[in-house]
Amino acid sequence: MEFDDLSARGLVLLGCGKMGSALLEGWLKQGLPAGAVWVLDPYPSEWLRARAAEGLHLNEDLPAAPALVLLAVKPQLMDEALPQVAGFADGQTLFVSIAAGKTLGYFAAHLGAGAPVVRSIPNTPAAVGRGITALIGNDTVDEAGLALAETLLSAVGQTVRLDDETQMDAVTAVSGSGPAYVFHLIETLAKAGEAAGLPPEMAMKLARATVAGAGQLAEEAAVDPAQLRINVTSPGGTTAAALAVLMDPETGFPPLLEKAVAAATVRGKELGA
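Attention in this report is confined to the structure presented alongside it. (Residues numbered from 1 in each chain as written. Predicted model: local features only at pLDDT ≥ 70, side-chain atom pairs only at ≥ 80, totals over all residues. Heavy atoms only, no water.)

Here the focus is the environment of D142. Examined against the element boundaries, D142 turns out to sit in the loop between β7 (131-137) and α6 (143-153). The spatial distance from the C-alpha of D142 to the C-alpha of P116 is 8.3 Å, given a sequence separation of 26 residues. At 2.8 Å, the side chain of D142 and the backbone nitrogen of G145 are in polar contact. (Helix = DSSP H or I, 4+ residues; strand = E, 2+ residues; numbered from the N terminus. Polar contact = N/O pair within 3.5 Å; in protein donor to acceptor, adjacent residues only side chain to side chain.)

And the structure:
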């Protein structure tokens, strides 16, 4: 990954919790010098303090004109924290937000319409380098700015560009909240295994490995998930018996997940209002 401009001008992290730390760790592993990073965080982790010992600037005076500011504080703290970097909103510094619910309109109101801002939504698998992040820039962001944001966010997984900001609530409902749906699937699959006679630890080990393995297969296979499902379903067999329940058009996964994603989308719109 090329970090020439970032190394020369500096990169600022406003907030460095779990997601900010995951991104920073990815950048450092890919060659960004610790000395090119400035972090503002009132409660730095031990990991972050260790990076400061390696040259990272922790709660120090900021560079004059950083190449990029990552806005990684919790959404409810953004109003209070943003003035610390608002002075960089002169069009020369790219702002990238990973704060849920904070719209491009919000940043235009607080930083001015001339500040190039990319809004993005990473998800929690970013912590293990398997995230997926949706992003969109305001009208001030050029292709180079979008490409830079994409490059940095790809340090923790895949990225997708949105056509319109209105898609962000649906993205949040699918990939942002989606890991929780999968974790619940693991919980319930393990409980179902217990109900069928398996010891709890064995049921959980089987459920975790099955969901993780199936997810990786779905991502890497040349065919789509529907074909993978067909491939493991013998007519009249055990999988077919289970799928008859799970694929029921009234009580199965299709209507249930549609309602769940719709509920999350609606809530996202409410929180962003």
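On we go from here.
This paragraph deals with the sheet that holds strand β5 (residues 94-97). Spatially, the 8 strands line up as an open sheet ordered β3-β2-β1-β4-β5-β6-β7-β8, and their pairing is mixed. Edge strands, defined here as strands with exactly one partner in the open sheet, are β3 (57-58) and β8 (157-161). Here 4 bridges tie strand β1 (residues 11-14) to strand β4 (residues 68-71), and the two strands are oriented parallel to one another. Across the sheet, the residue bridging to L11 is L68, located in β4. Taken strand by strand, helix α2 (residues 18-29) contacts β1, β2 (37-40) and β4, and its axis lies near 160° from that of β1. Across the face of the sheet, helix α5 (residues 104-111) comes into contact with β4, β5, β6 (117-121) and β7 while running at roughly 140° to β6. (Pairing = 2+ DSSP bridges. Contact = heavy atoms within 4.5 Å. Axes fitted to C-alpha atoms, helices over the stretch in contact; angles between N-to-C directions.)

Now for the packing of helix α7 (residues 168-176) against helix α12 (residues 253-272). Direction vectors running N to C along α7 and α12 enclose 130°, while the axes themselves pass 8 Å from each other. One finds that α7 runs oblique with respect to α12. Like other packed secondary-structure pairs, α7 and α12 cross with a definite hand, here right-handed. Counted together, D169, A170, A173 and V174 of α7 and V261, A264, T265, G268 and K269 of α12 form the full contact between these two elements. A breakdown of the residues in the contact of α7 with α12 according to their chemical character gives 5 nonpolar, 2 polar and 2 charged. (Parallel < 35°, antiparallel > 145°, perpendicular 65-115°, else oblique. Left-handed = near helix turned anticlockwise from the far one by under 90°. Nonpolar A, V, L, I, M, F, W, Y, C, P; charged D, E, K, R; others polar.)

Attention now goes to the pairing of β8. The pairing of β7 with β8 spans 5 bridges and is classified as parallel. Across the sheet, residue A134 finds its bridge partner in β8, namely V160. With α6 bridging β7 and the parallel β8, this β-α-β connection has right-handed handedness. (Right-handed = clockwise from strand over helix to strand, strands pointing away.)

In this section: the packing of α2 against helix α3 (residues 46-53). Two numbers describe how α2 lies on α3: the axes approach to 11 Å, and their chain directions differ by 35°. In this structure, α2 meets α3 at a crossing whose hand is left-handed. Together, S21, L24, E25 and L28 of α2 and W47, L48 and R51 of α3 make up the contact between the two elements. Here the contact of α2 with α3 is built from residues that sort into 4 nonpolar, 1 polar and 2 charged.

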